[in-house]
Amino acid sequence: MCGIVGVVSNAPVNQLLYDALLLLQHRGQDAAGIVTLLERKFFMHKAKGMVRDVFRTRNMRALPGNVGLGQVRYPTAGNAYSEEEAQPFYVNAPFGIVLVHNGNLTNAHALRSELFSTDHRHTNTESDSEVLLNVLAHELERASRGVPLNPAEVFAAVRSVYKRLRGSYAVVSLIAGHGLLAFRDPHGIRPLCMGRSADGTVMVASESVALEGSGHTFERNIAPGEAVFIDLQGNVHSMQCAEAATLNPCIFEFVYLARPDSVLDGISVYQARLNLGETLAKRVVSTVPPNQIDVIIPIPESSRPSATQLAHLLGIPYREGFVKNRYVGRTFIMPGQGVRKKSVRQKLNVIASEFKGRNVLLVDDSIVRGTTSREIVQMARDAGARKVYLASAAPPVRYPNVYGIDMPTKDELVAHDRTVEEVRELIGCDALIYQDVDAMKRAVGSLNPKLDGFDASCFDGVYVTGDIDTEAITRMNGNRPRIEETEEDSSRLALPNLSE
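Notes on the structure in this doc start here.

Cut-offs used in this document
- Residues numbered from 1 in each chain as written.
- Predicted model: local features only at pLDDT ≥ 70, side-chain atom pairs only at ≥ 80, totals over all residues.
- Heavy atoms only, no water.
- Axes fitted to C-alpha atoms, helices over the stretch in contact; angles between N-to-C directions.
- Helix = DSSP H or I, 4+ residues; strand = E, 2+ residues; numbered from the N terminus.
- Parallel < 35°, antiparallel > 145°, perpendicular 65-115°, else oblique.
- Left-handed = near helix turned anticlockwise from the far one by under 90°.
- Contact = heavy atoms within 4.5 Å.
- Nonpolar A, V, L, I, M, F, W, Y, C, P; charged D, E, K, R; others polar.
- Buried < 20%, exposed > 50% of the residue type's maximum accessible area, 1.4 Å probe, protein only.
- Disulfide = S-S within 2.5 Å.
- Core = buried A, V, L, I, M, F, W, Y, C linked by side-chain atoms within 4.5 Å.
- Salt bridge = Lys/Arg side-chain N within 4 Å of Asp/Glu carboxyl O.
- Pairing = 2+ DSSP bridges.
- Polar contact = N/O pair within 3.5 Å; in protein donor to acceptor, adjacent residues only side chain to side chain.
- Arc of directions from axis to C-beta.

It is worth spelling out the packing of helix α9 (residues 269-287) against helix α10 (residues 304-314) at this point. One way to put it is that α9 packs onto α10 with a least axis distance of 7 Å and a crossing angle of 45°. One finds that α9 runs oblique with respect to α10. Classified by chirality, the crossing of α10 by α9 is right-handed. Of the residues in α10, those in contact with Y270, R273, L274, L276, G277, E278, L280, A281, V284 and V285 of α9 are P305, S306, Q309, L310, L313 and L314. A class-by-class count of the residues in the contact of α9 with α10 yields 11 nonpolar, 3 polar and 2 charged.

Structure below.
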């Protein structure tokens, strides 16, 4: 899961890119990078860490130019600790191309072999984004051989790219001396939109909040299978380049990943979470009589809209019972589960008066590994709660995600091959209420009837690209980012809600 942005302007773009990446920081905290283009020369700075730590004044001064792109990264393939795998990626031929990518190629292994044996191109990392860049570079070279590079040749290259790639990808790239290219996979799994400012600056970004928060007016989403080419004068060219494109965005964006103030593919993320709370209310009533619940408490942050709506519909007081410490970094203590346990208690503290002597219903956006949920339930009991019920605004996560979310293997998923009662016993709550899969799809999908559906594969096991089987999942799990034994697992899904 990553956040990407690209800008074409008539003024320097370094500060604008920095501001946009800050607005997308929730999509990745592992590494950040910016590249700008001045005449035909790229200027790049990237490193591990948060945006505010990666870019200092000296770095910003070294990023001249009126065109650029940037990315914040949380790795889903390759080595999580390699500076070389921070994006953007660069190749010098043809033209000179840099690229940022949000998503995950499901056929990266096969493509890497093709690049070496057939295209005679070299990749130096385990990142699928470098594979994607080299596929694009090869197709641009073929399409423009012997002719000037115009939008028609760019779109011809993208059409060829679509025929080779499988998986999810929202891409922004710069072609030296020519302009900015953005395109989105034929299923629209990962989000990408564009907007414009009053001075004519054009921006493309993962979420609308990056546009609005940096002074741009949202114009539209980039459609599945569509390529948009913005030349250096700011002229926008677009073309549908994929056959039989459908709009099946990742439903986990609305459940958890995206900021609540974003609108993705015509759907308000905030309203989607309110709707999830409304449908969850029906599930709660069928499991725990409302008169047995004294208070409803969200696990910050993403679950708040669902918890608010749930409390309103059930007529039960809504209270804030947890307070986040936003300034806790990595902890250097013993490895393994002990690291995760201590980290939860460092990042989240209880307001004991909201728990003591009460039957509390905790609301979370989703439950993945279950280790964090178990610790939070115990924190509620330690604070004096009489009964602790837990409701998830999402259904059980039973299957791995292969489209760009750092989700564990199936054996690490607490709900995989377990009944709800077995999960409840592991977590230690008095009742466990999950959202229904079909109800979740209706709750979010009702906000845009033009959608063809969702990728909800981590909930229902249906992979929209149609190329995923057990063997493919095993192969991709082998390329998941390696977490060193002495390091804390600080992914957003390891510590749900705690790193926003």
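Past the structure itself, the notes keep going.
For F218, the location among the structural elements is in strand β11 (residues 217-221). Judged by relative accessible area, which is 29%, F218 ranks as partly exposed. Sequence separation between F218 and M203 is 15 residues; the distance between their C-alpha atoms is 9.2 Å. In contact with F218, not counting residues within four places along its chain, are C193, M194, G195, S208, L211 and E212.

Further remarks concern the environment of G188. Among the secondary structure elements, G188 is positioned in the loop between β8 (179-184) and β9 (193-196). For the pair G188 and C250, spaced 62 residues apart in sequence, the C-alpha separation works out to 8.1 Å. Dropping the residues within four chain positions of it, G188 is found in contact with P224, T246, L247, N248, P249 and D265.

A few words now on the state of the cysteines. Counted under the stated rule, the structure contains 0 disulfides. Unpaired in terms of disulfides, C458 finds its nearest cysteine sulfur in C250, a separation of 6.4 Å. With a relative accessible area of 3%, C458 lands in the buried category.

The subject of this paragraph is the nonpolar core. Of all hydrophobic cores here, the largest spans 56 residues; its most connected members are F252, V284, I296, L310, L361 and F459. The leading source of residues in this core is α9, at 6 residues. Not counting chain neighbours up to four residues away, the residues in contact with L310 comprise G277, L280, A281, V284, I296, L361 and V363.

Let us look at the pattern of salt bridges. Scanning all chains against the criterion turns up 26 salt bridges. One salt bridge in this structure joins D30 and K48, with 2.9 Å as the shortest N-O distance. Taken together, the positions of D30 in the loop between α1 (14-23) and β2 (31-38) and K48 in strand β3 (residues 41-48) put the pair 18 residues apart, joining distant regions of the chain. Judged by its relative accessible area of 9%, D30 is buried. With a relative accessible area of 26%, K48 lands in the partly exposed category.

On to the pairing of β2, then. Burial runs high along β2: 7 of the 8 residues are buried. Strand direction decides the pairing type here: β2 and β3, joined by 8 bridges, are antiparallel. In the strand pairing of β3, T36 is matched with F43. Note that β2 and strand β4 (residues 67-73) share 7 bridges and pair antiparallel. If you follow T36 over to β4, its bridge partner there is G68.

Next up on the list: the side chain of N134. Examined against the element boundaries, N134 turns out to sit in helix α5 (residues 128-144). A residue is classified by how much of its surface remains accessible, and N134, at 3% relative accessible area, is buried. There is a polar contact of 2.9 Å between the side chain of N134 and the backbone oxygen of E130. Leave out the neighbours within four places in its chain, and N134 touches V91, L115, R121, H122 and T123.

One open sheet accounts for 4 strands, arranged β16-β19-β20-β21; its pairing is parallel. Strands with a single pairing partner mark the edges of an open sheet, and in this sheet they are β16 (295-298) and β21 (431-434). Averaged over all adjacent pairs, the angle separating strand axes in this sheet is 20°, with direction ignored. Sheet analysis places β16 next to strand β19 (residues 359-364), joined by 4 bridges and oriented parallel. Bridged to I297 within β19 is L362. Packing of α10 onto the sheet brings it into contact with β16 and β19, and relative to β16 it is tilted by some 170°.

Moving on to the sheet that holds strand β10 (residues 202-205). Strand order across the open sheet formed by 7 strands is β3-β2-β4-β1-β10-β9-β11, with antiparallel pairing between neighbours. Two strands bound the open sheet, and with one partner strand each, they are β3 and β11. The sheet shows a mean angle of 15° between the axes of neighbouring strands, taken without regard to direction. In this structure, β9 lies alongside β11, joined through 4 bridges in antiparallel fashion. Bridge pairing in β11 places G195 opposite F218. Relative to β2, α1 is tilted by about 155°, and along the sheet it contacts β1 (2-8), β2, β4 and β10.

With that out of the way, let us pick up helix α4 (residues 108-117). Residues of α4 that are buried: A108, L111, R112 and L115. Looking down the long axis of α4, one finds its buried residues gathered within 105° of arc, a one-sided arrangement. Each element contacted by the buried residues of α4 is listed here: β6 (97-105), α5 and α6 (151-164).

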